[in-house]
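Summary of the model geometry
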Amino acid sequence: MATSEAEQGRQNGPVLGTPGDFPDRPERRGRFVVHVVIAILCAVCAGGWGYVMWASKGNTEVIDQVIAFDASRGDSIQITFEVVKPSDRAALCRLRAMDVAHVEVGSREVTIPAGEGYVRLTERLETSAQATSGAVHYCYLV
């Protein structure tokens, strides 16, 4: 006949024991140093990423914006855009015309002379196929 654990004199309690049954955990040293090293590595990585993002933006002294474009003709596109730059510097802007598949079908570089800080221009680009959009690819100071 089977007997219960209580009848055999075993105690009911935790299988692994109570907290008092175990020795105290040893003191851990050096955790502060590890956290400082990790914080420095994170700061260096964040600073590096910030520099990469800033450098990829390019020269932010020239601001360009497309106002309108007219792609109604099959052999050209007319793009109206504005450029804000320092008055004493010239700028070079590249205009692009793209088709429905975003393939470049025409491009042209436009030089904006020094003298005015704000310039609004309308330029016509010759295209090799029907263009569906026009954009300013880049502008930078020269």
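Preceding block: the structure.
The model shown is predicted, which means the values in this text are computed figures rather than measured ones.

Topic: the nonpolar core
In terms of nonpolar packing, the biggest core is built from 19 residues, with Ile77, Phe81, Val83, Leu95 and Ile112 touching the most fellow members. Sorting the residues of this core by element identifies β2 (76-84), β3 (91-98), β4 (104-112), β5 (118-126) and β6 (133-141) as the ones contributing at least two each.

Re the environment of Thr132
With respect to the element layout, Thr132 can be found in the loop between β5 and β6. Put simply, Thr132 and Ala97 are 35 residues apart on the chain and 7.5 Å apart in space, counted from C-alpha to C-alpha. Thr132 has contacts with Phe69, Ala71, Met98, Asp99 and Val100, leaving out every residue within four places of it along the chain. In terms of polar contacts, Thr132 uses its side chain to reach the backbone carbonyl oxygen of Asp99, at 3.1 Å.

Concerning the sheet that holds β2
The strands making up a sheet associate through hydrogen bonds between their backbones, and the pairing can be parallel or antiparallel. Across the sheet, which stays open at both edges, the three strands sit in the order β1-β2-β5 with antiparallel pairing between neighbours. Strands with a single pairing partner mark the edges of an open sheet, and in this sheet they are β1 (63-70) and β5. With direction set aside, neighbouring strand axes in the sheet form an average angle of 25 degrees.

Let's talk about the environment of Val62
Along the polypeptide, Val62 turns up in the loop between α1 (31-57) and β1. As for Val62 and Pro86, which are separated by 24 residues in sequence, their C-alpha atoms are 7.6 Å apart. Setting aside its immediate chain neighbours within four residues, Val62 contacts Val83, Val84, Lys85, Cys139, Tyr140 and Leu141.

Considerations on the side chain of Thr127
Turning to its location among the elements, Thr127 is positioned in the loop between β5 and β6. A residue is classified by how much of its surface remains accessible, and Thr127, at 13% relative accessible area, is buried. A distance of 3.3 Å separates a polar side-chain atom of Thr127 from the backbone nitrogen of Ser76. Within the local environment of Thr127, its side chain forms a polar contact with the backbone oxygen of Ala129, the two atoms lying 2.9 Å apart. Not counting residues within four places of it along the chain, the set of residues in contact with Thr127 comprises Gly74, Asp75, Ser76, Ile77, Ala97 and Val105.

Analysis parameters
- Residues numbered from 1 in each chain as written.
- Predicted model: local features only at pLDDT ≥ 70, side-chain atom pairs only at ≥ 80, totals over all residues.
- Heavy atoms only, no water.
- Core = buried A, V, L, I, M, F, W, Y, C linked by side-chain atoms within 4.5 Å.
- Buried < 20%, exposed > 50% of the residue type's maximum accessible area, 1.4 Å probe, protein only.
- Helix = DSSP H or I, 4+ residues; strand = E, 2+ residues; numbered from the N terminus.
- Contact = heavy atoms within 4.5 Å.
- Polar contact = N/O pair within 3.5 Å; in protein donor to acceptor, adjacent residues only side chain to side chain.
- Pairing = 2+ DSSP bridges.
- Axes fitted to C-alpha atoms, helices over the stretch in contact; angles between N-to-C directions.

Everything listed is a geometric property; what it means functionally is a separate question.
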